[in-house]
Each structure stands twice: as structure tokens, then as C-alpha cells.
Amino acid sequence: MQHAEHGKREGDSARGLTPGPYVVAPEEELLYSQTADGRRKWIDPVPVKGRFFRIRVVVGWALIGAYVSLPHLTFGGKPGMFLDLAHRQFTFFGITYHPTDNLVLLTFGAVIAVTVFVVTALFGRLWCGYACPQPIYLELVYRPIERLLEGKPAKMRRRDRGPWTKDRVARKGAKWIIYALISLFLSATFVAYFVGWDALWTGLLSDPLNNKGALFTGIAVAARVF
């Protein structure tokens, strides 16, 4: 036993690893996104087209369209969805609910909670692939813009390994500016669900300092999306 342990320590020393019961890094890379010494490995996936991808595109853009359009659509003179927390009024497709409608709100909340648990438990992969906001915006919005400006993954990797030329700076700069504008628009849409799009737009343009809550929330959400 002692000879085996001594041999292991000698082998660790020969490989440049710290001897002892714990080794700082494994011999091989165990994570697809991290090297053995802890550095990040950047992944540039190649898009795979097919029937399921087309379904994913249709479902994803339908969800994006619903998210962006609901604060703008009106039903009976009311927004499609408006969560007025200040006045404790919640409008869904032209119908406004108040705290006194506790039975309706309780039923609505219970249905949403049960639906989320059931869908994620039975169809978790479908949710992650077709309905989760993170992969939808990443695969249908941000990465297509990156491929449009920087080319295919192999070409982008070759350019990233090279020097910072004017072309590389221009491509990177244009990409991140577009990313920032999209993130600001998505965050403003999120805030519009709670304050109304017209009120948000008018307030930020006329006197943004008196709308610090909406401004701070929009910047925080944009930074998170970005």
C-alpha cells in the first residue's frame, strides 16, 4: 500500500501536479466549457437545420412576438396585459381584475403554478428547447446576428486568434452595439408590462429623473439580458 501511494506521488510530480490527497487540476478536461487549469473554453456551435429546428423557429418567434406585442395590443380599450402593482389592478386581454377578485386570482395563480410544474416535470426538454427564453433569444436573435457580422464559427475563431485589426474591431463593435440596443428594447418591453408603454415612453423622454424606478429597472434588466 505504501509503495502504491509512493508511486502515485512520484507520478503526480512527474506530471507537474501538486502531490498530496488533492490535486489542483485533473489530468484530462472534464468539462466541455472549461479547461483542466480552470480557463474558459469558448464554444461556437454550428447551426443544424432540419424539421425540428424549423418547428423551434416558428414556436420561438411566436413567443417573441407575443412578448413584444402584448403591451401594445388593446382589447376593449385596455392593454393586452398590464400588471398595475401601484393600483393593484391586473389586466389580461381586456379584463381587469382587482384584489377583491381573490377567488379568480387564486385560481389563475394555481393553474399557472400547476401548469409550470407539470410541463417541466413531463416535458422538461421540450421547455428548454422550444419555450425557455434564454435559448430562444440566444439561438434566434443573438447568435444569428453574430454569424451575420462575424461569419461562420470556424472563420470567427481564426479571426479571434489573430491581431485586433480595424475589421475585427468594427465587427465586434457593431455586434455589441446591436446587442445593447436589443437588450434595451427587451427590458423596456418588460417594464411596460407594469407601467404601460405610453406612460413609460412619455415619462422617460420628458423627465427620466422622476421615473427613477422604471429607469433603474430597465437598465438592470437590460444589463441582465445583455
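As shown above, the structure is provided for reference.
Below is a short write-up of the structure.

The rules behind these values
- Residues numbered from 1 in each chain as written.
- Predicted model: local features only at pLDDT ≥ 70, side-chain atom pairs only at ≥ 80, totals over all residues.
- Heavy atoms only, no water.
- Helix = DSSP H or I, 4+ residues; strand = E, 2+ residues; numbered from the N terminus.
- Contact = heavy atoms within 4.5 Å.
- Core = buried A, V, L, I, M, F, W, Y, C linked by side-chain atoms within 4.5 Å.
- Buried < 20%, exposed > 50% of the residue type's maximum accessible area, 1.4 Å probe, protein only.
- Polar contact = N/O pair within 3.5 Å; in protein donor to acceptor, adjacent residues only side chain to side chain.
- Pairing = 2+ DSSP bridges.
- Phe/Tyr/Trp six-rings, centres within 6.5 Å; stacked < 30°, edge-to-face > 60°.
- Lys NZ or Arg CZ within 6 Å of the ring centre and 35° of its normal.

Remarks on the overall build of the protein
The secondary structure content of the protein amounts to 9 helices and 5 strands. Of the regular secondary structure in the protein, the N- to C-terminal order runs α-α-β-β-β-β-β-α-α-α-α-α-α-α. Within the protein, contacts between residues separated by at least 24 positions form 47% of all contacts whose residues are at least 6 apart in sequence.

Details of the nonpolar core
Among the nonpolar cores identified, the biggest contains 11 residues, and these are Ile64, Val68, Ile136, Tyr137, Leu140, Val141, Tyr142, Ile145, Leu149, Tyr179 and Leu186. Of all the elements, helix α5 (residues 133-150) adds the most residues to this core, at 7 residues. Every residue in contact with Val68, bar those within four places of it in the chain, is listed here: Phe185 and Thr189. Ala188, Val191, Ala192 and Leu200 belong to the second largest nonpolar core, which has 5 residues in total.

Observations regarding the environment of Ser69
Note that Ser69 resides in helix α2 (residues 51-69). Accessibility expressed as a relative area gives 24% for Ser69, which makes it partly exposed. With 120 residues separating them along the chain, Ser69 and Thr189 place their C-alpha atoms 8.8 Å apart. A distance of 2.6 Å separates a polar atom in the side chain of Ser69 from the backbone oxygen of Gly65.

Remarks on the pairing of strand β3 (residues 81-84)
The pairing of β3 with strand β4 (residues 89-92) spans 4 bridges and is classified as antiparallel. When the bridges of β4 are listed, Phe82 appears paired with Thr91. Between β3 and β4, which pair antiparallel and follow one another directly, the connecting turn spans 4 residues, one of which, Arg88, has a positive phi of 55°.

Concerning the packing of aromatic side chains
Under the definition given, this model contains 4 aromatic pairs. Pairing Tyr67 with Tyr193 gives two aromatic rings, centres 5.7 Å apart and planes at 25°, and the pair type is stacked. On the criterion of sequence distance, the pair formed by Tyr67 in helix α2 and Tyr193 in helix α7 (residues 166-195) is long-range, its members being 126 residues apart. The class of Tyr193 is buried, set by a relative accessible area of 7%. A ring pair is formed by Trp176 and Tyr179, whose centres lie 5.2 Å apart and whose planes are at 85°; its orientation type is edge-to-face. Pair noted here: Trp176 and Tyr179 are both in helix α7, with a separation of 3 residues, about one helical turn. Judged by its relative accessible area of 39%, Trp176 falls in the partly exposed class. Classification of Tyr179 by relative accessible area gives buried; the value is 7%. Lying over the aromatic face of Phe52, Arg51 brings its terminal NZ or CZ to 4.6 Å of the ring centre. Against the face of Trp164 rests Arg168, its NZ or CZ located 3.8 Å from the ring centre.

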